[in-house]
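Fold and contact review
The primary structure of each chain is shown beneath.
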Amino acid sequence: LPGGGGGAAPRVVVERPANTSLHNRLALAPRARSRAVFSVDDDVLVACADVERAFDVWRAAAAAGERGAPLPPMVGFEPRFLARDARGRWAYRPWQTAWRRGRYHLVLSKAAFVHAAQLAAYTRAPARTPDAAARSLVDARRNCEDLALAFSVAAAQGARGAVPPAVRVRGQGR
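Since the structure is predicted, the reported quantities are computational estimates derived from the model, not experimental observations. (Residues numbered from 1 in each chain as written. Predicted model: local features only at pLDDT ≥ 70, side-chain atom pairs only at ≥ 80, totals over all residues. Heavy atoms only, no water.)

**Re the sheet that holds strand β3 (residues 75–76)**
Reading across the sheet, the 3 strands line up as β1-β7-β3 and stay open at both edges, with antiparallel pairing between neighbours. Strands with a single pairing partner mark the edges of an open sheet, and in this sheet they are β1 (36–40) and β3. Note: β1 against strand β7 (residues 111–115), 5 bridges, orientation antiparallel. Paired with F38 across the strands is F113, a residue of β7. On the sheet, helix α3 (residues 116–123) packs against β1 and β7 and is oriented at approximately 90 degrees with respect to β7. (Pairing = 2+ DSSP bridges. Helix = DSSP H or I, 4+ residues; strand = E, 2+ residues; numbered from the N terminus. Contact = heavy atoms within 4.5 Å. Axes fitted to C-alpha atoms, helices over the stretch in contact; angles between N-to-C directions.)

**A closer look at α3**
Along α3, the residues classified as buried are A116, Q118, L119, A120 and Y122. Elements that come into contact with the buried residues of α3 comprise β1, β7, α4 (130–141) and α5 (145–157). (Buried < 20%, exposed > 50% of the residue type's maximum accessible area, 1.4 Å probe, protein only.)

**Section: the pattern of salt bridges**
The tally for this structure, following the rule as stated, stands at 5 salt bridges. Residue D41 is joined to K110 by a salt bridge in which the shortest nitrogen-to-oxygen separation is 3.2 Å. Of this pair, D41 sits in the loop between β1 and β2 (44–46) while K110 sits in the loop between β6 (106–107) and β7; the two residues are 69 residues apart in sequence, bridging distant segments of the chain. The exposure classification of D41 matches that of K110, with both residues buried. (Salt bridge = Lys/Arg side-chain N within 4 Å of Asp/Glu carboxyl O.)

**What to know about the sheet that holds β6**
Spatially, β5-β4-β6 is the arrangement adopted by the 3 strands of the open sheet, whose pairing is antiparallel. Two strands lie at the open edges of the sheet, namely β5 (90–93) and β6, each paired on one side alone. As paired elements, strand β4 (residues 79–84) and β5 share 4 bridges and run antiparallel to each other. The partner of F81 across the bridge, within β5, is R93.

**Some thoughts on the pairing of β4**
Alignment of β4 against β6, held across 2 bridges, turns out to be antiparallel. Each bridged residue has a counterpart across the sheet, and for P79 the counterpart in β6 is V107. Turn length for the β4-β5 hairpin, with the two strands adjacent in sequence and antiparallel, is 5 residues, and the turn residue G88 shows positive phi of about 85 degrees.

**Examining the packing of aromatic side chains**
Summed over all chains, the structure comprises 3 aromatic pairs. Centre to centre, the rings of F55 and W58 are 6.3 Å apart; their planes meet at 15 degrees, and the pair counts as stacked. Of this pair, F55 and W58 both sit in helix α1 (residues 48–66), 3 residues apart, roughly one helical turn. For F55, a relative accessible area of 15% translates into the label buried. Taking relative accessible area as the criterion, W58 reaches 2% and is therefore assigned buried. Grouped by ring-pair contacts, the aromatic residues F38, F55, W58 and F113 constitute a single cluster. (Phe/Tyr/Trp six-rings, centres within 6.5 Å; stacked < 30°, edge-to-face > 60°.)

The following block contains the structure:
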């Protein structure tokens, strides 16, 4: 990325999938050459400076991973706070709750950097695994692919995602 990625402009590839599965946006593009994948919903706008800042956070975490730590966390703009609802069921609260409380439990992939290996592990998980079960549920309900990926990444690395400071994100999704 200019200013944060060595000065060279990034190579952008747009893929047009054959079907409308929600998992298409999480599938690693066959021609992808980067370890860093920026996944973003079509109804979310992120300022370029904030994408660069998030990439810098992701790259620092990836460099730490190269020294023996697990793969880097998802670094994104949609933190969620988990709490029990009135019926005692777990539910995640919108990003405003996370910002207000100053803490969060997970980061959604609505606008996030994810390591290519984590996307591959989630989208190519064999049958009878938690990731495959989550994908089946997402396909049946046509919802929550970002939540399923967040849990997959967190389970694989034993940690939640990261949120870069001072971000401006506009989105129509919930």
